[in-house]
Amino acid sequence: MDSNKCVHCGDDCGKYPVVWEGKNFCCHGCKTVYQLLNKNKLYKYYEIEETPGVRLEQQTFGNKYAYLDNDEIKEKLYEFSEGDLKKVTLYIPSIHCASCIWLLENLHLFDKGIKSSLANFVKKEVSITFNEKEISLRKLVELLASAHYIPQINLDSLDDKSKSKSNKSLLIKIGVAGFAFGNIMLLSMPEYLSFREELGQNFKNFFSILNIILSLPVLFYSSSEYIVSAYKNLNHKIINIDMPITLGILALFGQSMYDILSKSGPGYLDSFTGFVFFILIGKWYQNKTYQALAFDRDYKSYFPVAVSLITGNGEVSTQLKDLKAGDHILIRNQELIPTDGKIVKGRGNIDYSFVTGESLPVAKKEDDYIYAGGKQIGSALEIEVKKDVEQSQLTQLWNQNTNEEKSKSEISTLIDSLSKYFTYAVLSIAFSAGIFWYFVYPDKAIIAFSSVLIVACPCAIALSMPFTFGTAMRIFGKIGFYLKNTDVVERLTKIDSVVFDKTGTITYSRSKNVKLVEGKPDDKENSAIKSLARQSAHPLSAALFDFIITDTIEHVDDFMELPSSGIKGIVHGWHIKLGSREFVLNEQNEESSNASEIYVSIDDKFVAKYTIANKYRKGIQEVIDSLSKEYELHVISGDNDAEKERLISIFNKKENIHFNQSPQEKLDYINKLKKNKHNVLMVGDGLNDAGALNASNVGISIADDIYQFSPASDAILEAGRLNKLSDFIKFSKTSMKIVKISFAISIVYNIVGLSFAVDGLLSPIVAAILMPLSSITVVSFVTFSTRIMGKRLFKSAYNIS
């Protein structure tokens, strides 16, 4: 690197650089940021990208951010507030490279009050969880600003005012460019009809001046966004897709000005304004398509999470979208709180790690306020809903809780690499074509140069995958398969092993085949047993709760659930245990049974024994037969081996069927498969297998009568659609084929377009029309192809539109 370049931002340091430890800086601000990084040993910031920093113009802030000390404003900005722990999401326009992401996700090293931070490069946002007692919101924003990651805080947006200003501005720019284009074409009519020479010189000059006047607003207003973007990125040593467009704009305008002022020709102002007009229309279209894509990608916001609504007639399962403020809902042990509310009955022990990353549970009592995304650990809570449910909020949290290993998309990486080198290749071809024609046929030079810059565009390639997978997500959603994000579609195409949990996955979660085989609990004992069973969301607890008939529900103290063992708690002074024989009686099972067994003890004395026969889901045999043709199948169950012979008959094999598996053993089993180079699909209920779901390449949580939402899963599948699992995987592979075909279409388009442009046979206006047209073609192809293949595979019975 040039010795007189700033180590932090790369700008020229001038005659008198600021020097620290032999390193040159352009200003004290850059030196301060470098020292801050150096002090906290964040050397990797400069390893990811050379001179990634943004120059710091001003270090003192005075009262600039004093408004952030206002409690009313702070409360509007906070997404989460629990004691001193706060969470805020800030928009930072200056995020521009991998180093920015790395630095913003390591903010905790700058100040111990910052607990965690997560950056979103696409949205240029960073979500920060911090302790307000250790660092205030104002100090946090000033810390970011001191490193020139200046948050853009729009107080108007806090009142949910319209955000359509950018769309309105774009439409005005299109109007200005269209007006200029139409009038310049009209004034250029003599040129088109070849009687320009018959006009007097005064008319020629007058028409030329009018054309220049009309074109100036197009240059300085309509095309300003492209020029400013290219300039700013070039300042940071980045060549983005706006650079070729900007060069095309400047080349056409510059050549036109030269021709007109030197009176050597009429110039290309019609081509210039027409190019800007059509390129802006293309941008407007792409904005519209991205909005459509956002709808498809946000379609997962409507996955069928349901809760137990408490009514005058008992508890009923209700879709989350149907909840309204004032409703009372039941939250069991390990269940997620779906919306903000107030505790009406019970004591909360809320784990907010899903929201903040902090795993230490927070104690809550009656009348305390709790936030969506928390998880209850302990006995059931009755909660009053305080505001209407926003499923998009749960969706955002779901995507925030992403396994880093899973987030690596090979296709996305390939597209990023292509886009990065595409611009350099286009610039090289454009300059080569311009130089060649300058010496061979000068009149063609500017046309060839501009057309190459305009016609070649990686947008079609970049759009193909998100639109294909976004459409696939929407189709999946309409038939009961709800994906976390589009990356899940890609990962499904690579699966070679499928692992099933048993209870609640391949069997019904709320079996009715419950029998009391030993003991005879009285009414008071039945009430206590049912009250304890009510606290757990486990399928066996739910089945027992449904089986026992009593109208009295008692309060449960000191509730505890031990995975793969049972539950215990205190009900009106009795110490009650429900679960396996070993857990309840501390005795080994004497012999195998053909049903799951639940033992009950009160004050360490045996009271009852229930058997719950597993009912296998309808069509499970067909699912297994279909999957076994292509994939290696496994079963890992936390239950005993009572169902061993039945499972062997269903899976037609003894191998890979395992019982008495703890949550940790399930996780280890998945990791072992992955270590042996398998791509694993795990299908479970999200209760005792959350770790395994999260560790698998794709984790699917089965949603039954009460839809258990597991943040660890990548997808939620309605239980009634389990028989379509192999079709879902097949459709994912079909979608990937469509992506590859669209890649080929995009590449062929660019090759054909470039060949005509290099030969000087393509005018800039036609090139400007073809550029967005390529995106339209690819998006239309992938959208309609995906829909057609979806209808063909899933038939009209699913009403796919």
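Residues numbered from 1 in each chain as written. Predicted model: local features only at pLDDT ≥ 70, side-chain atom pairs only at ≥ 80, totals over all residues. Heavy atoms only, no water.

Novice: Which residues make up the sheet that holds strand S4 (residues 85-91), and what values go with them?
Specialist: Working definition: the strands of a sheet are paired by backbone hydrogen bonds and lie parallel or antiparallel to each other. Pairing is antiparallel across the open sheet formed by four strands, whose spatial order is S3-S4-S6-S5. Each end of this open sheet is capped by a strand with a single partner; those strands are strand S3 (78-82) and strand S5 (114-120). If you compare each strand with its neighbour and ignore which way they point, the axes differ by 15° on average. With six bridges connecting them, S5 and strand S6 (residues 125-131) associate as antiparallel partners. From the neighbouring strand, serine 116 faces S6, where its bridge partner is threonine 129. (Pairing = 2+ DSSP bridges. Helix = DSSP H or I, 4+ residues; strand = E, 2+ residues; numbered from the N terminus. Axes fitted to C-alpha atoms, helices over the stretch in contact; angles between N-to-C directions.)

Novice: How would you explain the packing of helix H10 (residues 242-261) against helix H15 (residues 442-455) if you had to name every residue and give the values?
Specialist: Where H10 meets H15, the axes come as close as 8 Å, and the angle between the chain directions of the two elements is 155°. By the criterion of interaxial angle, the relationship of H10 to H15 is roughly antiparallel. As H10 packs across H15, the resulting crossing turns out to be left-handed. Contacts between H10 and H15 involve Pro244, Leu247, Gly248, Ala251, Leu252 and Gln255 from the first element and Ile446, Phe449, Ser450 and Leu453 from the second. Each residue belonging to the contact of H10 with H15 can be placed in one class, and the counts come to seven nonpolar, three polar and no charged. (Parallel < 35°, antiparallel > 145°, perpendicular 65-115°, else oblique. Left-handed = near helix turned anticlockwise from the far one by under 90°. Contact = heavy atoms within 4.5 Å. Nonpolar A, V, L, I, M, F, W, Y, C, P; charged D, E, K, R; others polar.)

Novice: Mind laying out the packing of aromatic side chains, listing which residues take part and the relevant values?
Specialist: In this structure the tally under the stated criterion is 18 aromatic pairs. Seen in terms of ring centroids, phenylalanine 80 and tyrosine 371 are 5.1 Å apart; in terms of plane orientation they differ by 55°. Their pairing is tilted. In this pair, phenylalanine 80 is assigned in strand S3 and tyrosine 371 in the loop between strand S13 (369-370) and strand S14 (375-376), connecting sequence segments 291 residues apart. Tyrosine 371 sits in the buried class, given a relative accessible area of 16%. Grouped by ring-pair contacts, the aromatic residues Phe476, Phe481, Phe728, Phe731 and Phe794 constitute a single cluster. For the cation-ring pair, lysine 173 lies above tyrosine 221, with the distance from its terminal atom to the ring centre recorded as 5.6 Å. Just above the ring of tryptophan 437 sits the side chain of lysine 444; from NZ or CZ to the centre is 4.6 Å. (Phe/Tyr/Trp six-rings, centres within 6.5 Å; stacked < 30°, edge-to-face > 60°. Buried < 20%, exposed > 50% of the residue type's maximum accessible area, 1.4 Å probe, protein only. Lys NZ or Arg CZ within 6 Å of the ring centre and 35° of its normal.)

Novice: Could you give me a rundown of the side chain of serine 127, with the residues and numbers involved?
Specialist: Considering the arrangement of structural elements, one finds serine 127 in strand S6. By relative accessible area, which is 14% here, serine 127 ends up buried. One polar contact links serine 127 to threonine 89, side chain to side chain, over a distance of 2.8 Å. In contact with serine 127, other than residues within four places in its own chain, are Lys87, Val88, Thr89, Ser116, Ser117 and Leu118. (Polar contact = N/O pair within 3.5 Å; in protein donor to acceptor, adjacent residues only side chain to side chain.)

Novice: Describe in detail the pairing of S6, supporting the description with residues and values.
Specialist: If a strand is regular, its side chains alternate between the two faces of the sheet. Burial within S6 is extensive, with six of its seven residues counted as buried. Inspection of the sheet shows S4 paired to S6 by seven bridges, in the antiparallel sense. Bridge assignment links leucine 85 to a residue of S6, and that residue is asparagine 131.

Novice: Describe a nonpolar patch on the surface, and please don't skip the residues or the numbers.
Specialist: A cluster of nonpolar side chains, Phe431, Ile435, Phe436, Tyr438, Phe439, Val440 and Tyr441, forms an exposed patch at the surface whose accessible area comes to about 810 Å². With respect to the helices, strands and loops of the structure, isoleucine 435 is situated in helix H14 (residues 410-440). (Patch = residues over 30% accessible without salt bridge, like charges linked within 9 Å, V, L, I, M, F, W, Y side chains within 5 Å. Areas by Shrake-Rupley, 256 points an atom, 1.4 Å probe, with all protein chains shown as cover. Salt bridge = Lys/Arg side-chain N within 4 Å of Asp/Glu carboxyl O.)

Novice: Talk me through the pattern of salt bridges; I want residue IDs and the actual numbers.
Specialist: Close approach of charged atoms allows side chains of opposite charge to pair. Evaluated as defined, the whole model comprises 24 salt bridges. Salt bridges linked by common partners bring Asp69, Arg138, Lys139 and Glu142 together as one network.

Novice: Describe in detail the packing of helix H19 (residues 523-534) against helix H20 (residues 539-547), supporting the description with residues and values.
Specialist: In contact at an axis separation of 8 Å, H19 and H20 are set at 145° when each is read in the N-to-C sense. Where H19 crosses over H20, the two elements pack in a sense that is left-handed. Judged by residue contacts, Ile529, Lys530, Ala533 and Arg534 of H19 engage Ser541, Leu544 and Phe545 from H20.

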